[in-house]
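Chain by chain, the residues:
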Amino acid sequence: MWAREIVAIIDSRICKGDLLARIELLTQSGVKAIILREKQLEPSAYTTLAKQALAICASRGVACILHSFTQVAKELGAPALHCQSSQIAHLPHLRAHFRTLGVSVHSVEEYRAAREWVDYVIIGHIFASSCKVGAEPKGLKLLESIITLESNFAKLDSRDKPALQGLYAIGGISLETLPALANMPISGVCMRQALMQTPNPKDYIRDTMLL
C-alpha cells in the first residue's frame, strides 16, 4: 500500500476543464500540497492566479506553494516557495523569507549545493515525462544516489513545521510507474499530468493509496 504523500503540480497548459475548478477538486482529493508551477506566465498574471489559488487552498487547509516567482511570493506574503535548480544560488537569501522552501534538482551536485537551505527537494525527472519531451529520464539511479547522501545532512530546525519535508520524486509518476518507487525511503511523489487530466482526482489519489 502506498502510504506516502502526493503533491499536485499545477499546469494550466494541460489542465482538463477550468483551472480554478481543478485546483478546488485537488484540495478535496487528499493531496498533501499543490505547487503552482506556471512558469510561462507574466508576473502580473501569475500574481492574479496565485491570489486565487492561495485563497482556495487556505479554505481547504491545503498548502499552496508558489513556484519560481520569488518577488511575487514575497509581495503576497506567501508562506511557501519552490525554486528551480537555476535559482539555487539565491536559496541562502530566500531562506529567511519563507516558512517552507524547496527546490528541484537534477543531479547529485545540485542536491549538495541546495540541501543546506531547503526543507524539501524534488528530484527528477525519474521516468519519461511529457513535460520533458526528448530529455533522457534520470531514472531510479539518481534517486538512489541522493537517498544515500540524505543521511549526511542535518535536518533544518524550524519553529513552524514546513508544508513539505524530505525527498520527493517527479517525472512520469502515475499509477503505472508508482510501484517502482514502493521501496524507496522518500517522503512522497509529485504528479502533474495525471492530476491535471483525470476526471476525478479524489478517486485517482484513492487508487494510488491502494497500490
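In what follows, the accompanying structure is described.

Basis of the calculations
Residues numbered from 1 in each chain as written. Predicted model: local features only at pLDDT ≥ 70, side-chain atom pairs only at ≥ 80, totals over all residues. Heavy atoms only, no water. Helix = DSSP H or I, 4+ residues; strand = E, 2+ residues; numbered from the N terminus. Rg over C-alpha atoms; globule rule 2.2 N^0.38 Å. Contact = heavy atoms within 4.5 Å. Areas by Shrake-Rupley, 256 points an atom, 1.4 Å probe, with all protein chains shown as cover. Lys, Arg positive; Asp, Glu negative; His and termini not counted. Charge placed at Lys NZ, Arg CZ, Asp CG, Glu CD. Pairing = 2+ DSSP bridges. Axes fitted to C-alpha atoms, helices over the stretch in contact; angles between N-to-C directions. Salt bridge = Lys/Arg side-chain N within 4 Å of Asp/Glu carboxyl O. Buried < 20%, exposed > 50% of the residue type's maximum accessible area, 1.4 Å probe, protein only. Phe/Tyr/Trp six-rings, centres within 6.5 Å; stacked < 30°, edge-to-face > 60°. Polar contact = N/O pair within 3.5 Å; in protein donor to acceptor, adjacent residues only side chain to side chain.

Glancing now at the overall build of the protein. For the protein, the helix and strand inventory stands at eight helices and eight strands. Taking 211 residues into account, the globule formula puts the C-alpha radius of gyration at 17 Å, and the protein, at 16 Å, falls close to it. Seen through its principal axes, the protein has C-alpha atoms that stretch 40 × 40 × 35 Å. Put simply, 60% of the contacts in the protein that link residues at least 6 apart link residues at least 24 apart. Counting every atom, the protein has about 9800 Å² of accessible surface; 52% of that belongs to carbon and sulfur. A gap of 2 Å separates the mean positions of the 23 positive and 19 negative side-chain charges of the protein.

A separate point is the sheet that holds strand E8 (residues 188-191). Taken together, the eight strands give a closed barrel; going around it, the order is E1-E2-E3-E4-E5-E6-E7-E8, and neighbouring strands pair in parallel fashion. Recorded for the sheet is a direction-independent mean angle of 25° between the axes of neighbouring strands. With two bridges joining them, strand E3 (residues 63-67) and strand E4 (residues 80-83) adopt parallel strand pairing. Each bridged residue has a counterpart across the sheet, and for His67 the counterpart in E4 is His82. The strands touched by helix H6 (residues 139-150) within the sheet are strand E5 (100-105), strand E6 (120-123) and strand E7 (166-169), with E7 carrying the most contacts at an inclination of about 175°.

Take the pattern of salt bridges next. On inspection of all chains with the given rule, the structure shows six salt bridges. Asp11 is the partner of Arg13 in a salt bridge, and the nearest nitrogen-oxygen pair spans 3.0 Å. The closest approach of N and O atoms between Arg60 and Glu24, which form a salt bridge, is 2.9 Å. Pair noted here: Arg60 is in helix H2 (residues 43-60) and Glu24 is in helix H1 (residues 19-27), with a separation of 36 residues, a long-range link. You can call Arg60 partly exposed: its relative accessible area is 43%. The network of salt bridges with common partners includes Asp11, Arg13 and Arg192.

Within a pair of aromatic rings, the relevant descriptors are the distance that separates the centres and the angle that separates the planes. This model, assessed by the stated rule, comprises two aromatic pairs. Summarising the aromatic geometry, the rings of Tyr120 and Tyr168 are spaced 6.1 Å apart at their centres and angled 85° between planes, so their arrangement reads as edge-to-face. Here Tyr120, found in strand E6, pairs with Tyr168, found in strand E7; they are 48 residues apart in sequence, far enough to count as distant. Each member of the pair, Tyr120 as well as Tyr168, carries the same accessibility label: buried.

A word on the environment of Asp11. You can see Asp11 is positioned in the loop between strand E1 (5-10) and H1. Overall, the relative accessible area of 1% leaves Asp11 in the buried class. Put simply, Asp11 and Thr100 are 89 residues apart on the chain and 21 Å apart in space, counted from C-alpha to C-alpha. Separated by 2.8 Å, the side chains of Asp11 and Arg192 make a polar contact.

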